[in-house]
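# Close look at the chain arrangement
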Amino acid sequence: QKCQNNKKRNTRQNQKLQQLEIMQQIKLRQFRKAFRQKQRQFQSSLYHLNSRFNRDDSIFPKPPYSLWRMETEPSIGKTTLTGKIFFLNIAFFGLQTMYPQITALGAKRSDMILEG
């Protein structure tokens, strides 16, 4: 009988957990929907404000806007900003290992800052 009570208790707990998860998903969907609405309202008000000053539609396109442009071409072999920063980081690491005086020029100079 204890085993049956434990099974019933476990199934009730599982049902409550599932209901909580469903409620969380519903709340998240509602939040995302409200956020998208506010975002679209902001984009359209920004467009209307800018269209008063810029009559050319090619300068300021109509909403909705996306933050990232998806490029269909692969960027293999093209130097990106991230690649340049990465290469610069490796180059400076090499310089610092060969010439430690480079690190001493600017690093850990809090004593000069505290002196004023």
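Small disclaimer: the values here were computed from a predicted structure and weren't measured. (Residues numbered from 1 in each chain as written. Predicted model: local features only at pLDDT ≥ 70, side-chain atom pairs only at ≥ 80, totals over all residues. Heavy atoms only, no water.)

## Digging into the overall build of the protein
Across its full length, the protein carries 4 helices and 0 strands. When each of the 116 residues of the protein is scored for burial, the buried share is 3%. Working note: accessible area of the protein is about 12000 Å², and carbon and sulfur atoms make up 59% of it. (Helix = DSSP H or I, 4+ residues; strand = E, 2+ residues; numbered from the N terminus. Buried < 20%, exposed > 50% of the residue type's maximum accessible area, 1.4 Å probe, protein only. Areas by Shrake-Rupley, 256 points an atom, 1.4 Å probe, with all protein chains shown as cover.)

## Re helix α2 (residues 81–98)
Side chains of residues three or four places apart in an α-helix project in the same direction, reflecting 3.6 residues per turn. Over its 18 residues, α2 extends 26 Å from the first C-alpha to the last, a length consistent with the 26 Å expected when each residue adds 1.5 Å. Buried residues are scarce in α2, accounting for 0 of its 18 residues. (Expected span 1.5 Å × (residues − 1).)

## Brief notes about the environment of His48
By secondary structure assignment, the location of His48 is in helix α1 (residues 2–53). According to the relative accessible area criterion, His48 is partly exposed, its value standing at 47%. His48 sits 14 residues away from Lys62 along the chain, and the two C-alpha atoms are 9.1 Å apart.

## Quick notes on the packing of aromatic side chains
In the structure shown here, the tally under the stated rule is 1 aromatic pair. On the numbers, 6.2 Å between centres and 20 degrees between planes, the contact of Phe31 with Phe35 is stacked. Of this pair, Phe31 and Phe35 both sit in helix α1, separated by 4 residues, roughly a single helical turn. Overall, Phe35 belongs to the partly exposed group, its relative accessible area being 48%. (Phe/Tyr/Trp six-rings, centres within 6.5 Å; stacked < 30°, edge-to-face > 60°.)

## Quick notes on the confidence of the model for the protein
Detailed reading of predicted coordinates is not advised where the pLDDT is low. Scored by pLDDT, the protein comes out at a mean of 78, with 72% of its residues at no less than 70. When mean pLDDT is taken per element in the protein, α2 scores highest with 87 and helix α4 (residues 110–115) scores lowest with 64. (pLDDT = per-residue confidence, 0-100.)

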